[in-house]
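# A closer look at the structure
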Amino acid sequence: MIASSTFRQGSYAAAVAILLALTGVFGKLDERQVVTGAITLSMVLLAIMLCGAGLMTASRVKERGIVAMLFNGILGSLIVGAGLALVMLVENAIDLTFVFAELKTDPITPVLTFGQTLSSGIILLLVLSALAGAISGALLSIPSEARQIILLSLALTASVGLLEAQIKSINTLPDALAVVGVLGTGYLVAINQMQRSSLVRLGLGLGIGAIVGIVLGLIANGGGFGTGSRLLSAPGILSQVIVFALIGGMGSAVAATQRNIHNGTLFVVGFLLSIGVLNWQNSMNWIATLLILIVFATLFWLMPRLTAEASSRFETQPRPERQVNQRFSLLIVLLVMLVAPLFLGQYITSIFDLVGLYIIMGIGLNIAVGYTGLLVLGFVAFFALGAYTVGTLTTPSLLTCGGILPADIARADIPTICTGVMTFWQAWPIAVIVSMLAGVVLGIPVLRLRGDYLAIVTLGFGEIIRLITLSGDFKPIFGGAQGIGNIPVPVVDLTFLNPAWRFELGSAFNIYYLILFGIVITAFVAYRLGSTRLGRAWRAIRADEDVARAMGINLTRAKLLSFAVGAGFAGLGGAIFGSWLQGIFPNSFTVLVSINVLALIIIGGLGSIPGVMLGAVILVGLPEILRELQDYRLLAFGVLLVVVMLARPEGLIPPPVRRLSEQVDSATPQQGKA
Amino acid sequence: MASTASQPATTSGGDGVSLAQRIIKLLRNPLQVAGLVIVIFLVWTIIQNLTGLAAAGRPLSVERIIRVIIFGLAQGSIYALIALGYTLVYGILSMINFAHSEVFMSGAYIGFFAIHWAEQSGLLYSNTALALLITVTVGMAAAVTIAVLLERIAYRPLRGAPRLVPLITAIGASIALQQIFLRLFGSATRVYPEVNFYVLPQLFRLECETIDGAEICKGMDLINGRYDVQLLGMELQLRPIFFVVFFLAVLMMAILWYIVRRTKIGKAMRAVAEDRKTASLMGINVDRVIVSTFILGAALAGAAGVLFALYNTQVSPFMGFTPGIKAFTAAVIGGIGNIPGAMFGGLFLGVTESLAPTLLGMSSQLEDVIVFGLLILVLIFRPTGIFGEVLSEKKA
């Protein structure tokens, strides 16, 4: 009846739970509400711990039937509950706060007893554990598809509840309904017109979207339907028509597309609807929670079916059709990204900016680590070099003032003496080149050697750059610990077209477009480089150095190029970073930045550009939003790195495996050069 | 690991090659020429600096240099102890155990709780030797526990995976350990209590008091003492703790050397390092040998952690990072996988980093820059490290 594995696994889970509890995690997360006035984040964490243990132990006895699963699940969860109860008893008996310092401010007992006395709290905790175990046992006995739907929708609903304050104002329910309606119409029309070419289908989608847009706009302006909606009360019918036409077109394009894009669109639909519901209810109350749960459950029920159909439709199309489809989807995504800040607000946009900078760096590091397999641990060095190059070239400094210290020059004379001061646009290419050169200089001695040496030398190099910028010896150039201040923001000057068109890219809104542009450029370059002769050489080196050498690849040269190109991208990121913050300090360039970038490309999937983007959103974006979890971000990183390598070494979105048939396909003459 | 210092290195030039030929060979390699230029420049800077100081009327005192070297040797023996852990694991698994710096940290940190307990209970004052012994033992035990868990959870399942994979896990484990310590024990820096460990009152008549006419001396304070010593006409201020660290480190290295060279498990280790598959065919339990390697390395690192904390007094979850990468650098400089190499590399690095700022006339803020610069210089001339043999390019 009781499997021996239950005790072992239960006690592993209990050990992890106790360890986490001793860090004061329950007290820290108790402030954040997931369902208003009812469920806090610490309760969610407790539920995850208990159910996790139950699921783990129950899954070991899966073949023995439902009774055994229930029984072992309950036992597993109870062990964890008992472990936590034990910690509470110990906490009340002896003073743990000298050793476990966090318990001073965040004791465990008040949270885990749910405000009861210690004894009744412990009984309550044990009852809850047994319940959680029973639920997990029951969950395991239903079909796996249903289980996945339940777990995923619970997780996503919880995340919507967590982010309530940040996302509530993104869109309203009428907005969401209008978008989903138009998207769905385009989708259905395209399915019915599959025999026609993809261009015709796109046209149909665009047209229908435009018509629906006009109709909806008219209704909305007449009645009270669209109150509070941004889309439907947008100024001018023309902008509405364009937006809805594009959405309709997207709908028709998505009807036959690859899995990733299709799934992504469905996710967006789900989030739009749930944010709409949240906005309508004005808080995450029980009605909103239930509705959002239903939205996500329906979505996950539909997703595998619809996606399979869409991708089979995509596969059966001839190749040129597929390309039209893909390019259109890409265009729409870009357009959505262009207008996104208008809806997202200042705070989320600034998070997007940060995520974007990490994407640029990630794409760069991905060339070295993902394509070529060179482990670089001090990537921040090149980021810092880019930032400092722009910093010294765009401000009065030793370099730009002809070797005279700016401090020695009278304030009034600075413009006449410091004639070397550049604009951002003149400085950034130099920053990229400086970073690339540094990559070459560092790479020449090290890249000939065993791969492991590169890791440690670059780690050291990252520290060297930080220490040099920090040190007093180089203070005249790099400003020591105070760094470089008053860096001018990039200015886009179009006054020759229209006197009002002078844009200072200083705010989070404006810099967003510069960063977006940077991402598009780097992603494009990285993508195209990946399919050149050099890119294939890189992949060959990653797969097997000896064979690559035997095939006539100049290892040192190829590695050096890979290293330098990656460094150049980091330099670009640094250049943007410096002029965005208008000041740079040595302590922004710690080894943690390098580790962040490395972690995001590994978790996203080595060698995959969409993976970099997903990884950046998860590892940089989420912790920014979940401020309570800031303290645990690095811990989660470390654990994630280990777990991902153990469980899914290829990452979340691994790069597509190039099949031979596709390469033969792309080599055919009508496709031109591949 | 299999090599010894007696085995000649075979990177450049054989025995029959004349000096001129060697120089020509050196000059053909542009990289080595660049390295040579840098070395000459450094030597020139040192000479300039020394003559400049002499001209300014304040030449470097020999006393100061000796003091710096002694400190460097103590610091270097800590590096050497950590470097041995890196080199042992590298020799056997061809893998950089990035989390080794956290093994060192955990020894120092858990050792703090032991010595704190000893202070609270009064044992530290009533029986200092026993208290210190307990502290070191606890530190070593903590380090060993962490290392064994690490091997079991993060490394063993990945044996045979591509090289990059266990390296990334190691980085992840390193961050995770640092953060677990930080979150469990708080972010405040913990400070080792001040210990006065007096020895040999008969030999060293120091800190004496006259009670009832009889002079009673406490002896030499091994941990906290600072003494002015007259030696060969020089006035030297010495701290016994540096000598203690150095001699303890040498003792531990000698024990390690004995284990690896003379015992059965050491022989098994060398066999596994040479060829894992053949070793397992010979009836060696490879898993057990690998675990014992981790245990040996961790015990040294844990002891190093406590020793380091005894004279640096402050411990924090991040204290492992800098000594960790320096120790790894030391292992690479000495030739990774090579035990005497790691010992030599550690001591060499410790002395260099303490001496170089003075000789080059740089601020000591830049001493880490010198360390990594040195690493790159060594790699230019001897890609396999000073004692390293040409490693067969076998795949892990």
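Here's a quick rundown of the structure. Predicted model, so just to flag it, every value in this text is computed and none were measured.

### Notes on the overall build of chain B
Scanning chain B from terminus to terminus reveals 14 helices and eight strands. For chain B, the C-alpha radius of gyration of 23 Å lies close to 21 Å, the compact-globule estimate for 396 residues. In terms of overall dimensions, chain B has C-alpha extents of about 75 × 60 × 40 Å along its principal axes. Contacts in chain B between residues far apart in sequence, at least 24 positions, make up 72% of those at least 6 positions apart.

### Here we look at the overall build of chain A
Each helix and strand counted, chain A has 27 helices and four strands in total. Taking 674 residues into account, the globule formula puts the C-alpha radius of gyration at 26 Å, and chain A, at 28 Å, falls close to it. Structurally, chain A occupies a C-alpha span of about 80 × 70 × 60 Å along its principal axes. Residues classed as buried in chain A amount to 50% of the 674 residues present. Put simply, 76% of the contacts in chain A that link residues at least 6 apart link residues at least 24 apart. Approximately 29,700 Å² of chain A is accessible, and the part contributed by carbon and sulfur atoms is 70%.

### Some thoughts on the nonpolar core
By size, the foremost hydrophobic cluster in this structure holds 276 residues, and its most contacted members are Phe26 and Phe382 of chain A. At 17 residues, helix H11 (residues 286-312) of chain B tops the list of elements feeding residues into this core. Residues Ala176, Ala190, Leu216 and Ile332 of chain A belong to the second largest nonpolar core, which totals 21 residues.

### Describing unusual backbone geometry
The residue Phe114 of chain A is not glycine, and still its phi comes out positive at about 55°. By the secondary structure assignment, Phe114 of chain A is in the loop between helix H5 (109-112) and helix H6 (118-141). Although it is not a glycine, Thr313 of chain B adopts a positive phi angle of roughly 60°. Along the polypeptide, Thr313 of chain B turns up in the loop between H11 and strand S8 (314-315). For Thr313 of chain B, a relative accessible area of 30% corresponds to the partly exposed category.

### Observations regarding the side chain of Glu102 of chain A
Residue placement: Glu102 of chain A occurs in the loop between helix H4 (66-93) and H5. Since its relative accessible area comes to 13%, Glu102 of chain A is described here as buried. Look past the residues within four positions of Glu102 of chain A in its chain and what remains in contact with it is Thr23 and Lys28 of chain A together with Arg183, Leu184, Gly186 and Ser187 of chain B.

### Observations concerning the interface of chain A and chain B
Counting residues at the interface gives 50 residues for chain A, matched by 54 residues for chain B. Where chain A meets chain B, there are zero salt bridges. The interface formed by chain A and chain B contains two residue pairs in polar contact (both at pLDDT 80 or more). For the side of chain A that touches chain B, the leading source of residues is helix H18 (residues 451-470) of chain A, giving 11 residues. For the side of chain A that touches chain B, the class distribution of residues is 35 nonpolar, six polar and nine charged.

### Side note on the packing of aromatic side chains
Residues and elements named next belong to chain A. A full pass over the atoms with the stated rule returns 34 aromatic pairs over all chains. Taken together, a centroid distance of 5.8 Å and an interplanar angle of 45° make the contact between Phe382 and Phe461 tilted. With Phe382 in helix H15 (residues 380-394) and Phe461 in helix H18, this pair connects stretches of sequence that are 79 residues apart. Judged by relative accessible area, Phe382 falls into the buried class, the value being 1%.

### Some points on helix H8 (residues 240-262) of chain B
An ideal rise of 1.5 Å per residue puts 33 Å on 23 residues; H8 of chain B measures up with 32 Å between its terminal C-alpha atoms. Considered for burial, the residues of H8 of chain B that qualify are Pro240, Ile241, Phe242, Val245, Ala249, Met252, Met253, Leu256 and Val260 of chain B.

### Remarks on the packing of helix H4 (residues 100-121) of chain B against H11 of chain B
Residues and elements named next belong to chain B. Running from N to C, H4 and H11 cross one another at 55°; their axes reach a closest spacing of 7 Å. Comparing the axis directions of H4 and H11 gives the class oblique. Pair H4 / H11 crosses with right-handed handedness. On the side of H4, the interface is formed by His100, Val103, Phe104, Gly107, Ala108 and Ile115, while H11 contributes Gly297, Ala298, Ala301, Gly302, Ala304, Gly305, Val306, Phe308, Ala309 and Leu310. Taken together, the residues that form the contact of H4 with H11 break down as 11 nonpolar, five polar and no charged.

### Comments concerning the packing of helix H3 (residues 41-59) of chain A against H4 of chain A
Residue and element names in this part refer to chain A. Across the interface, H3 lies against H4 with an axial gap of 7 Å and an inter-helix angle of 140°. What the angle tells us is that H3 and H4 run oblique. The two elements H3 and H4 meet at a crossing, and its hand is right-handed. For the pair formed by H3 and H4, the contact residues are Leu46, Leu50, Ala53, Gly54, Thr57 and Ala58 on the first element and Met69, Asn72, Gly73, Gly76, Ser77, Val80, Gly81 and Leu84 on the second. Partitioning the contact of H3 with H4 into residue classes produces seven nonpolar, seven polar and no charged.

About the thresholds
Residues numbered from 1 in each chain as written. Chains lettered and ligands numbered in written order. Predicted model: local features only at pLDDT ≥ 70, side-chain atom pairs only at ≥ 80, totals over all residues. Heavy atoms only, no water. Helix = DSSP H or I, 4+ residues; strand = E, 2+ residues; numbered from the N terminus. Rg over C-alpha atoms; globule rule 2.2 N^0.38 Å. Contact = heavy atoms within 4.5 Å. Buried < 20%, exposed > 50% of the residue type's maximum accessible area, 1.4 Å probe, protein only. Areas by Shrake-Rupley, 256 points an atom, 1.4 Å probe, with all protein chains shown as cover. Core = buried A, V, L, I, M, F, W, Y, C linked by side-chain atoms within 4.5 Å. Salt bridge = Lys/Arg side-chain N within 4 Å of Asp/Glu carboxyl O. Polar contact = N/O pair within 3.5 Å; in protein donor to acceptor, adjacent residues only side chain to side chain. Nonpolar A, V, L, I, M, F, W, Y, C, P; charged D, E, K, R; others polar. Phe/Tyr/Trp six-rings, centres within 6.5 Å; stacked < 30°, edge-to-face > 60°. Expected span 1.5 Å × (residues − 1). Axes fitted to C-alpha atoms, helices over the stretch in contact; angles between N-to-C directions. Parallel < 35°, antiparallel > 145°, perpendicular 65-115°, else oblique. Left-handed = near helix turned anticlockwise from the far one by under 90°.

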